[in-house]
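# Descriptive structure summary
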Amino acid sequence: MPKYVLLERYLSEQHDDSCSLTFSQIEGLIGTPLPASARRHQSWWGNDRTHAQARSWMRAGWTVEQPRLDEERVRFARIDTYRRAREKASGSARSQVIVRNLDSEVVAVLKRRAQRKGHSMEHELRAILTGAARPERNEMIAEADRIRAMTPGPLKDSVTLLRQDRDSR
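Residues numbered from 1 in each chain as written. Predicted model: local features only at pLDDT ≥ 70, side-chain atom pairs only at ≥ 80, totals over all residues. Heavy atoms only, no water.

### Structural notes on the overall build of the protein
Condition: Each helix is a run of DSSP H or I of at least 4 residues and each strand a run of E of at least 2, with the numbering of both proceeding from the N terminus. Any residue under 20% of the maximum accessible area for its type is buried, any over 50% is exposed, and the rest in between are partly exposed; the area is computed with a 1.4 Å probe on protein chains only.
For the protein, the helix and strand inventory stands at 9 helices and 3 strands. Sequence-ordered secondary structure for the protein, helices as α and strands as β, is α-β-α-α-α-β-β-α-α-α-α-α. Seen through its C-alpha atoms, the protein measures out along the principal axes to roughly 70 × 55 × 35 Å. The buried share among the 169 residues of the protein stands at 23%.

Okay, structure coming up:
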């Protein structure tokens, strides 16, 4: 079993938008001491998917918001909550959709699919809905035709243009 999977499991079971844990609590969850670098370097707590520990909390839908090395405490925030705060500050907003009365087998299939891919069901649903909202092929062709119509005639050969530019100097 990967070292940080129990931390991932713990975080995925949380219902609040933030979670604060001491280093000792994390060590209790993972069953082994944190490496010395976790106590010395802020970067160990970075939300960098190249690190096993970060992949674990990010797969569970969390990001580290405030590592406090002096207090041996770290604050996790739900990725969506963190993203919403950044979007609110930048002026870009997101919407929510509630879907009721889904067949339980559909939900089970989606949960299994998300688990196989190593992320939350919410992430899986977001990917499915985003993909479904992409423009259809005929819409993209129409847009390409519209843009092509704005281009004045056939383009000249770039070799000719380069020679003309060189000769003008």
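### Re a nonpolar patch on the surface
Defined as follows: Here the term patch refers to residues with relative accessible area over 30% and no salt bridge, with like charges joined within 9 Å and nonpolar side chains (Val, Leu, Ile, Met, Phe, Trp, Tyr) within 5 Å. In these tables, accessible area is a Shrake-Rupley quantity obtained with a 1.4 Å probe, and a residue counts as shielded only by the protein chains included in the view. By definition, a salt bridge exists where a carboxyl oxygen of Asp or Glu is found within 4 Å of a side-chain nitrogen of Lys or Arg.
Nonpolar side chains collect at one region of the surface, where Val97, Val99, Leu102 and Val106 lie side by side and expose about 370 Å² of accessible area between them. Among the structural elements, leucine 102 can be located in the loop between helix H5 (79-90) and helix H6 (104-117). Given the relative accessible area of 44%, leucine 102 is considered partly exposed.

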